[in-house]
Amino acid sequence: MTGYSAMRAMQLPPLLIVEDSNEDFEAFQRYLHPSFSQIPVYRCTNGDRALAFLYRTEPYTNPNTAPRPGLIVLDLNLPGTDGREVLYKIKQDRNLKKIPVVVFTTSNNPKDIAACYEQGANSYIIKPMDFKLLKRSIQTLLSYWFEITMLPVQSPEEDQL
């Protein structure tokens, strides 16, 4: 591992996956390339839990068990508060808006795509139904966000918010 790679590995921020489908979440975990095994992965199964995680309200009041994510992968079609509302709240909050949000959903509705970008989504990916394409999409997503780009690093003060 090069010095740069070692530095990046030590600083891999947590990944928050907001996904209600157990099958989709398990596929996401299954397709994590071994080089991404150091990424701490957290999951919320609905929009209300995602907002509780991000705002550190019950049951996520401890910053050690609900760290500020460096990237959020967000499904749109969630029970309760849907992904559209979660995205809106994240991007309207001065403490959360710099966290990149990748919408990863089955919706190919042009209105959803446009609305998500208007609300500040950093990327919009339609979940492929084909397992090989799904694997490639997940690995490409993680490679781009955790190897190629620099994610914002939270200061200790910001992480306590």
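To be clear, the structure that these remarks concern was listed above.
This one's a predicted model, so the numbers in the text were calculated from it and none came from an experiment.

Q: Break down empty space enclosed by the protein for me, citing the residues and quoting the values.
A: Evaluated as defined, the whole model comprises two cavities of 30 Å³ or more. What the second largest cavity holds in volume is close to 80 Å³. Together, 13 residues line the second largest cavity, and Glu19, Asp24, Phe28, Phe104 and Lys127 are the ones closest to its centre. The element best represented in the lining of the second largest cavity is helix α2 (residues 22-30), accounting for three residues.

Q: Can you lay out the packing of aromatic side chains for me, pointing to particular residues and giving the numbers?
A: Aromatic ring pairs: the centre-centre distance and the angle between the two ring planes describe each pair. The full count for this structure, using the stated rule, is four aromatic pairs. Measuring from centroid to centroid gives 6.0 Å for Phe28 and Phe104, while their planes differ by 85°, and the two rings are edge-to-face. A residue pair is termed long-range when its members are at least 10 positions apart, and Phe28 in helix α2 and Phe104 in strand β4 (residues 101-105) qualify at 76 residues. For Phe28, a relative accessible area of 3% translates into the label buried. Overall, the relative accessible area of 4% leaves Phe104 in the buried class. Pairing Tyr144 with Trp145 gives two aromatic rings, centres 5.1 Å apart and planes at 85°, and the pair type is edge-to-face. Judged by its relative accessible area of 11%, Trp145 is buried. Put simply, the rings of Tyr42, Phe53 and Tyr60 pair up and form one aromatic cluster.

Reading guide: rules and limits
- Residues numbered from 1 in each chain as written.
- Predicted model: local features only at pLDDT ≥ 70, side-chain atom pairs only at ≥ 80, totals over all residues.
- Heavy atoms only, no water.
- 1 Å grid on protein atoms, 1.4 Å probe; cavity = no way out; pocket = protein on both sides within 12 Å on 5 of 7 lines; lining within 4 Å.
- Points joined across faces, edges and corners; volume = space filled by probe spheres on them.
- Helix = DSSP H or I, 4+ residues; strand = E, 2+ residues; numbered from the N terminus.
- Phe/Tyr/Trp six-rings, centres within 6.5 Å; stacked < 30°, edge-to-face > 60°.
- Buried < 20%, exposed > 50% of the residue type's maximum accessible area, 1.4 Å probe, protein only.

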